[in-house]
Amino acid sequence: MPDTVPSANVRTTRVVSSDQLRDLLAETGATVRDSVRLSELTTLRVGGPALLAECASTDSLVATVKTLDAADIPVLLVAGGSNLLIDDAGFDGVVVRIATTGIDLAADGVLAEAGAPWDTVVADTVAAGLGGLECLSGIPGSAGATPVQNVGAYGVEVASLLRRVHLLDRKTGEVRWVEPAELGFGYRTSVLKHSDDGVILAVDFALDPTGRSAPLRYGELAKALDAADGETRPVDQVRTEVLRLRAGKGMVLNPTDHDTWSAGSFFTNPVVPAERLPEVMAAITAHVGDAKVPTYPAPDGTKLSAGWLIERAGFAKGFPGEPAPARLSTKHTLALTNRGAATAADIVALARTVRAGVAERFGVTLEPEPVTVGITL
Ligand code: EPU
């Protein structure tokens, strides 16, 4: 155990040995593993070594995080690992792996433990004829991670279906159910992103028992299903189509396809405030001529497509080509991919190149979507 008493609010970096950690967590039910390569726990497959405490039950997860916090040991929570870019140096504290898997279907919803694989949750609800989550099919990661960045695809965001979130408040040690209104949801964000204060233990979604999908709002998907804007379809049809569209973009995990060794979209789609839009559009016209620029209305401006901007800034699919270990996906420019031997440093260098190129050509600064650990872009 650390040998000094922490002062309030000060988190000092101290490394514990695996034996010390085993003693410390003896009563928590966590399994301690030494020198785990974090690259094995992330979909980008980069990240150095760390000490790991694996928690297979919610009680174990709560007890483990509380014990580590009381001992002032830095904690990194990892579940599906699909939205994490971790430094090659690894992590100095303890990685707590959320390995809960419970999925509880009800007549009008689903309650899933934080570690349950997200796509299993979606598949189970679709198989049960529950509507709402089908547009979110094929997304890697865990159920508990979805509220953190308000995961969304094909016109649906988790925030719109969440009934409540079971949360451990690390400041008070309290475990409670929280209403969506308290979580400050926005496009790919919530109060839980970029803060370590809350640990999601479970998520509860309210779903439609009629077996119909959410209203189809996303042009590409509606077109593929031959649906007018706002129409619904049977949930299983929508799931099948979403999986097909996502797979075509390399956004469904496949160990043999390096285009899927990614963190999904690496940048969020930039929202340009009204006063800056003419200038950005002028820069786009200057560089690419009269193009049809994809734009989407957003609460605080106009959302542009990061993938489109990246490609028009001169970064083609697959950039920079062989033999670079980190490249853009050959199917979608918004996914930065590991071709097998990439390090975090390689991914970061590619991200910086792309970001600088887009900023230089169009005056738009792209923001990374994954949570970075030990890395600043
Ligand atoms: N585009 C290109 N080149 C490309 C890829 C796309 O020019 O290589 C253009 C497309 O032609 C289209 C536009 O970019 O006009 C948008 O592309 P897409 O429909 O694939 O959507 P996206 O905005 O790139 C977002 C989400 C995805 C989500 C899809 C579908 C963000 C940052 N990304 O991607 O979410 O699956 O819409 O709804 O909002 C994720 O967050 O990790 C993610 C994969």
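Nothing here was measured: the structure is a model prediction, and the numbers come from that model.

1. Notes on the site of the ligand
Thinking step 1. Close to the ligand lie 27 residues, the nearest being Y154, Y218, E311, R312 and H332.
Thinking step 2. For the ligand, an oxygen atom lies 2.8 Å from a polar atom in the backbone of S265.
Thinking step 3. Within the side chain of R312, an N or O atom sits 2.7 Å from an oxygen atom of the ligand.
Thinking step 4. In isolation the ligand exposes 820 Å². Once the protein is present, 83% of that is buried.
Thinking step 5. It is helix α7 (residues 306–312) that contributes the most residues to the shell around the ligand, four residues altogether.
Thinking step 6. When its residues are assigned to classes, the shell around the ligand shows 10 nonpolar, nine polar and eight charged.
Thinking step 7. Both of domain 2 (103–248) and domain 3 (258–373) provide at least three residues apiece to the shell around the ligand.

2. Some thoughts on the packing of aromatic side chains
Thinking step 1. Throughout the structure, instances matching the rule amount to four aromatic pairs.
Thinking step 2. Plain terms: the ring middles of F266 and F267 are 5.1 Å apart, the flat faces sit at 75° to each other, and that makes the pair edge-to-face. In this pair, the class of F266 matches that of F267, namely buried.
Thinking step 3. Relative to F319, the ring of F315 lies with its centre 4.9 Å away and its plane at 80°, an arrangement referred to as edge-to-face.
Thinking step 4. Take F315: its relative accessible area is 7%, and that puts it in the buried class.
Thinking step 5. Accessibility expressed as a relative area gives 22% for F319, which makes it partly exposed.
Thinking step 6. Here the guanidinium or amino end of R45 rests over the ring plane of W261, the centre of that ring lying 3.8 Å away.

3. Structural notes on the environment of L377
Thinking step 1. Within the secondary structure layout, L377 lies in the segment after β18 (371–373).
Thinking step 2. On the basis of relative accessible area, L377 is assigned to the partly exposed category, the value being 21%.
Thinking step 3. Along the primary structure L377 and R355 are separated by 22 residues, whereas in three dimensions their C-alpha atoms are 9.2 Å apart.
Thinking step 4. The contacts of L377, once residues within four sequence positions are left out, are F266, F267, V348, A351, R352, R355 and P368.

4. Digging into the domain arrangement of the chain
Thinking step 1. Each assigned domain of the chain is listed with its residue range as follows: domain 1 (10–98), domain 2 (103–248) and domain 3 (258–373).
Thinking step 2. If you average the C-alpha positions of domain 1 and of domain 2, the two centres end up 26 Å apart.
Thinking step 3. Counting residues at the interface gives 14 residues for domain 1 and 14 residues for domain 2.
Thinking step 4. On the domain 1 side of the contact with domain 2, T58, V62 and I98 bury the most area, a combined 30% of that side's loss.
Thinking step 5. For the interface between domain 1 and domain 2, the tally reads one salt bridge.
Thinking step 6. Its salt-bridge partner being R170, residue D69 comes within 2.7 Å of it at the nearest N-O pair.
Thinking step 7. Across the domain 1-domain 2 interface, the total number found is four residue pairs in polar contact (both at pLDDT 80 or more).
Thinking step 8. Those elements that provide at least two residues to the side of domain 1 that touches domain 2 are α2 (58–70) and β3 (75–78).
Thinking step 9. For the side of domain 1 that touches domain 2, the element with the highest residue contribution is α2, accounting for six residues.

Thresholds applied
Residues numbered from 1 in each chain as written. Predicted model: local features only at pLDDT ≥ 70, side-chain atom pairs only at ≥ 80, totals over all residues. Heavy atoms only, no water. Near = heavy atom within 4 Å. Polar contact = N/O pair within 3.5 Å; in protein donor to acceptor, adjacent residues only side chain to side chain. Areas by Shrake-Rupley, 256 points an atom, 1.4 Å probe, with all protein chains shown as cover. Helix = DSSP H or I, 4+ residues; strand = E, 2+ residues; numbered from the N terminus. Nonpolar A, V, L, I, M, F, W, Y, C, P; charged D, E, K, R; others polar. Domains from an automatic or database assignment. Phe/Tyr/Trp six-rings, centres within 6.5 Å; stacked < 30°, edge-to-face > 60°. Buried < 20%, exposed > 50% of the residue type's maximum accessible area, 1.4 Å probe, protein only. Lys NZ or Arg CZ within 6 Å of the ring centre and 35° of its normal. Contact = heavy atoms within 4.5 Å. Buried area = accessible area lost by both parts, 1.4 Å probe. Salt bridge = Lys/Arg side-chain N within 4 Å of Asp/Glu carboxyl O.

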